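Survey of secondary and tertiary structure
Below are the chains, spelled out letter by letter.
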Amino acid sequence: EPFTIDEINQLQAEIKKKSNIFPELNHLFEIAKYTGARIEEICQIKTTDVADKSIRITNSKTQAGIREVPIHSKITSLIKNLKGVSKDTYLIGNLKTTRLGQRSAHIGKKFGRIKTRLGFGETKVFHSIRKTVVTQLEQASIPEAITADIVGHEKKTITYGLYSGGSSMEQKIEAIEKINYSK
């Protein structure tokens, strides 16, 4: 289930407290809450996938997941900084890779321990951030087709799913800027 805005802010505060020990989790969390990308998608982003205003997701679990996501104004400087300091070609460096090539396993466990300590149950997981982003876009009256293009969901209709070339970057930028965690 999605996190509420208050819960996202509670998680963010706790993650920031630990950012001197493990800054990668803070970076991952920030990118997730402003893109709606899956955890492994974010961990697989290479610096060459990052342009001035967008991130190209090239490694996804579905074909619809291969997409270009605009960079929210709140994380522009973070993305630029991460790209500039990368030492291993990945946007978020210093992550352990499993024998299956997964980069999110260890950092996902760190997130899980933090959210459990804060009292969140099994229905609130890292993927819940993605659901929070989708909820925010829906509540901002963003058309479902644009949200699908941002988060990498397949469009089930013949008209948009089969014939459309997708939302424009301008439409996606306008939509993604509606994401807001301030109260």
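Up top is the structure.
All of these numbers come straight from a predicted model, not from anything done at the bench. (Residues numbered from 1 in each chain as written. Predicted model: local features only at pLDDT ≥ 70, side-chain atom pairs only at ≥ 80, totals over all residues. Heavy atoms only, no water.)

Re the overall build of the protein chain
Quick reminder of the rule: The way it works is that DSSP assigns letters per residue, a run of H or I at least four long becomes a helix, a run of E at least two long becomes a strand, and they are numbered from the N terminus. Values of the radius of gyration come from C-alpha atoms, whereas the globule rule sets the reference at 2.2 Å times the count of residues to the power 0.38.
Across its full length, the protein chain holds 9 helices and 2 strands. Element order for the protein chain, N to C, with α for helix and β for strand: α-α-α-β-β-α-α-α-α-α-α. What you see for the protein chain is a C-alpha radius of gyration of 16 Å, in line with the 16 Å of a compact globule of 183 residues. Dimensions of the protein chain, computed from C-alpha atoms along their principal axes, come out at roughly 50 × 35 × 30 Å.

So, unusual backbone geometry
Phi is positive for N94, which is not a glycine, with a value near 65°. With respect to the helices, strands and loops of the structure, N94 is situated in the loop between α4 (76-85) and α5 (105-117).

Details of the packing of aromatic side chains
Aromatic ring pairs are reported here in terms of the distance separating the ring centres and the angle at which the planes meet. Rules: Working definition: a ring pair exists when centres of Phe, Tyr or Trp rings (six-membered ring for Trp) sit within 6.5 Å. Plane angles under 30 degrees give stacked, over 60 give edge-to-face, the rest tilted. Any residue under 20% of the maximum accessible area for its type is buried, any over 50% is exposed, and the rest in between are partly exposed; the area is computed with a 1.4 Å probe on protein chains only.
In this structure the tally under the stated criterion is 5 aromatic pairs. Ring centres of F3 and F120 lie 5.4 Å apart, and the angle between their planes is 85°; on these two criteria the pair is classed as edge-to-face. Of this pair, F3 sits in the segment before α1 (5-17) while F120 sits in the loop between α5 and α6 (127-139), and the two are 117 residues apart along the sequence. Its relative accessible area of 4% is what places F3 among the buried residues. Between F111 and F126, the ring centres sit 5.1 Å apart and the planes meet at 80°, which makes this aromatic pair edge-to-face.

What about the packing of α1 against helix α2 (residues 23-35)?
For clarity, the cut-off: Note on method: axes are straight lines fitted to C-alpha atoms, helices fitted across the in-contact stretch only, with angles between N-to-C directions ranging 0 to 180 degrees. We call two directions roughly parallel when the angle between them is under 35 degrees, roughly antiparallel when it is over 145, roughly perpendicular when it lies between 65 and 115, and oblique otherwise. Helix crossings are classified by the rotation of the near helix relative to the far one: an anticlockwise turn of less than a right angle makes the crossing left-handed, while a clockwise turn makes it right-handed. Whether two residues touch is decided by their heavy atoms; if any such pair falls within 4.5 Å, the residues are in contact.
At a minimum axis separation of 9 Å, α1 and α2 run at an interaxial angle of 160°. As judged from the angle between their axes, α1 and α2 are roughly antiparallel. Read as a crossing pair, α1 and α2 show a hand that is left-handed. Across the interface between the two elements, I8, L11, Q12, I15 and K16 of α1 pack against L25, N26, F29, E30 and K33 of α2.

A few points about the pattern of salt bridges
Note the following rule: Within this document, salt bridges are pairs made up of a side-chain nitrogen of Lys or Arg and a carboxyl oxygen of Asp or Glu, the two lying within 4 Å of each other.
Here the structure, examined in full by the defined rule, presents 10 salt bridges. Across the salt bridge formed by E14 and K18, the nearest N and O atoms sit 3.6 Å from each other. Its relative accessible area of 16% is what places E14 among the buried residues. On the accessibility criterion, K18 (30% relative accessible area) is partly exposed. Ionic pairing is found between E30 and K33, a salt bridge with its closest N-O pair at 3.3 Å. Placement of both E30 and K33 in helix α2 is noted, with a separation of 3 residues, approximately one turn of the helix.

Details of empty space enclosed by the protein
Defined as follows: Only protein atoms enter the 1 Å grid, on which a cavity is a set of points fitting a 1.4 Å probe that cannot get out and a pocket is an open set with protein on both sides within 12 Å along at least 5 of 7 lines, lining residues being those with an atom within 4 Å of a point. Grid points are joined across faces, edges and corners, and a volume is the space filled by probe spheres set on the points.
Scanning all chains against the criterion turns up 1 cavity of 30 Å³ or more. Volume-wise, the largest cavity comes out at about 30 Å³. Along its surface, the largest cavity is lined by I31, T35, A37, I45, I55, I57 and V69. Contributions of two or more residues to the lining of the largest cavity are made by α2 and β1 (54-57).

Observations concerning the nonpolar core
When a protein is soluble and globular, its nonpolar side chains tend to lie buried together. As a reminder, the rule being used: By nonpolar core is meant a set of buried Ala, Val, Leu, Ile, Met, Phe, Trp, Tyr and Cys residues that side-chain atoms within 4.5 Å join together.
In terms of nonpolar packing, the biggest core is built from 45 residues, with L28 and F111 touching the most fellow members. Here the element with the most residues in this core is α2; it accounts for 6 residues. Apart from residues no more than four positions distant in its own chain, L28 is found in contact with I39, I42, C43, I92, I107 and F126.

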